[in-house]
Amino acid sequence: MVKLNKSSLPSHPYILLLISILSVSISSIMIKFSDTPTSVAGMYRLFISVIIMFAFVPWKMLRSSEMNKKDWSIVILAGLFLGLHFLFWMESLAYTSVASSMVILSLQPLFVMIGSYFLFKEQANLLTLFCLIVALFGSIIIAWGDIGISREALIGDGLSLIGTLFVSAYLLAGQKVSRKIDANVYSIIVFFMGGTVMLVYNLLNNFSLVDYDSSEWTYFLLLAIIPTIFGQYIFNLLLKSIGATTVSVGIIGEPVLAIILAYLLLGETITFFQFLGGMITLIGMGMYFWSKSLKYNVQNSN
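Residues numbered from 1 in each chain as written. Predicted model: local features only at pLDDT ≥ 70, side-chain atom pairs only at ≥ 80, totals over all residues. Heavy atoms only, no water.

(A) Region of interest: the overall build of the chain. Each helix and strand in the chain was counted, giving twelve helices and zero strands. Its helices and strands in sequence order give the chain the pattern α-α-α-α-α-α-α-α-α-α-α-α, from N to C terminus. Counting all 302 residues of the chain, 53% fall into the buried class. Across the chain, contacts joining residues at least 24 apart in sequence account for 90% of those joining residues at least 6 apart. For the chain, the exposed surface amounts to about 14100 Å²; the carbon and sulfur share of it is 69%. (Helix = DSSP H or I, 4+ residues; strand = E, 2+ residues; numbered from the N terminus. Buried < 20%, exposed > 50% of the residue type's maximum accessible area, 1.4 Å probe, protein only. Contact = heavy atoms within 4.5 Å. Areas by Shrake-Rupley, 256 points an atom, 1.4 Å probe, with all protein chains shown as cover.)

Here you go:
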């Protein structure tokens, strides 16, 4: 896990963003494949990631860190937010479909944009707002088929919404300290704190922590490597260079990819609304990143 900064990122950090989106998109599919309690899977997902990343952390850099007590408190709080996000979102998959849960998760750019305005005084221009509205409109169309299906689906949608609020707060907290702390160090701390949240939950609910066969442990390892290290870690890495709002807009594409994977791997059907909404979402995202890419090229050519 080599430390990367803005100068060492690809000419387009959006290449990394695409890799991370592809990686996290598979997490909901992997969760559906397993009978393990979602909170146990989430706990091991984060703890195993910490173990893998630990050897690659430049701990000596902490001595020259500009972090103060308030900043460290934000890091700890971010870890709690991440743990609560996983707890609520992963649990939502037990009640509602992959499509519905992921679409609600795609509302996070709206929450992040509002938070960025109040915390960082970031103002979105009309083009950015238009692109975001188009992408969100597509997400709403995708979710249309799940509205009012059952009481369980509504419970799942509510859990997903709470998880979305927590992950939005997590991204904003990460951007707040991203210029003061190495992304590797930050990720290890927040992953450990997030895993601890779920450990406490598992103990309170008397879930088994070790009574799983080898296939489940392989599943835990894959969850750690693919959606966590190649997904969540890269998100943390990009907060410094492109900001929480852009990262969260990229995640809007996750539902579309998850729906395709659910169709291919789980046999879930793709409705007309999901297809139409997915196309609209991708168009909105494409316009957003096209405008951001042009701005990024101009800034780096000066």
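(B) Geometry of the side chain of Ser-23. Note on placement: Ser-23 falls in helix α1 (residues 13-25). Here Ile-19 takes part through its backbone oxygen, which lies 2.9 Å from a polar atom of the side chain of Ser-23. Setting aside chain neighbours within four positions, we find Ser-23 in contact with Ile-226, Pro-227, Phe-230 and Gly-231. (Polar contact = N/O pair within 3.5 Å; in protein donor to acceptor, adjacent residues only side chain to side chain.)

(C) Structural context of the packing of helix α6 (residues 108-120) against helix α8 (residues 151-177). The contact between α6 and α8 brings their axes to 9 Å, and the two run at 40 degrees. Considering their axes alone, α6 and α8 lie oblique with respect to each other. For the element pair α6 and α8, the recorded crossing hand is right-handed. Judged by residue contacts, Gln-108, Phe-111, Val-112, Gly-115, Ser-116, Leu-119 and Phe-120 of α6 engage Leu-161, Thr-164, Leu-165, Val-167, Ser-168, Leu-171, Leu-172, Gln-175 and Lys-176 from α8. (Axes fitted to C-alpha atoms, helices over the stretch in contact; angles between N-to-C directions. Parallel < 35°, antiparallel > 145°, perpendicular 65-115°, else oblique. Left-handed = near helix turned anticlockwise from the far one by under 90°.)

(D) Geometry of the pattern of salt bridges. Scanning the model with the defined rule gives one salt bridge in all. The closest approach of N and O atoms between Asp-71 and Lys-180, which form a salt bridge, is 3.0 Å. On the criterion of sequence distance, the pair formed by Asp-71 in helix α4 (residues 69-92) and Lys-180 in the loop between α8 and α9 (183-204) is long-range, its members being 109 residues apart. The exposure class of Asp-71 is buried, given its relative accessible area of 6%. (Salt bridge = Lys/Arg side-chain N within 4 Å of Asp/Glu carboxyl O.)

(E) Inspection of α1 at higher detail. For α1, with 13 residues, the first-to-last C-alpha span of 19 Å sits near the 18 Å given by 1.5 Å per residue. Regarding α1, the residues found buried are Pro-13, Tyr-14, Leu-16, Leu-17, Ser-20, Ile-21, Ser-23, Val-24 and Ser-25. (Expected span 1.5 Å × (residues − 1).)

(F) Just the side chain of Asp-182, in detail. The residue Asp-182 is located in the loop between α8 and α9 in this model. Judged by its relative accessible area of 9%, Asp-182 is buried.

(G) Structural detail: the environment of Phe-86. With respect to the helices and strands, the residue Phe-86 is situated in helix α4. Judged by relative accessible area, which is 1%, Phe-86 ranks as buried. Those residues in contact with Phe-86, other than ones at most four positions away along the chain, are Arg-45, Leu-46, Glu-91, Met-198 and Gln-232.

(H) Local environment of the nonpolar core. Within the largest apolar cluster, 72 residues are counted, with the highest numbers of intra-cluster contacts made by Leu-17, Tyr-170, Phe-191 and Val-247. With 15 residues, helix α10 (residues 214-250) is the largest single contributor of residues to this core. (Core = buried A, V, L, I, M, F, W, Y, C linked by side-chain atoms within 4.5 Å.)

(I) Geometry of the packing of aromatic side chains. A full pass over the atoms with the stated rule returns ten aromatic pairs. Between the aromatic rings of Tyr-117 and Phe-118, the centroid separation amounts to 5.3 Å while the plane-to-plane angle is 80 degrees, which identifies the pairing as edge-to-face. For Phe-118, a relative accessible area of 57% puts it in the exposed group. With a centroid separation of 5.2 Å and 85 degrees between ring planes, the pair formed by Trp-217 and Phe-220 is classed as edge-to-face. Remark: Phe-220 and Trp-217 occur in helix α10; sequence separation between them is three residues, near one turn of the helix. Using a relative accessible area of 30% as the deciding quantity, one classes Trp-217 as partly exposed. For Phe-220, a relative accessible area of 0% corresponds to the buried category. An aromatic cluster of at least three residues, connected via ring pairs, comprises Tyr-44, Tyr-212, Trp-217, Tyr-219 and Phe-220. (Phe/Tyr/Trp six-rings, centres within 6.5 Å; stacked < 30°, edge-to-face > 60°.)

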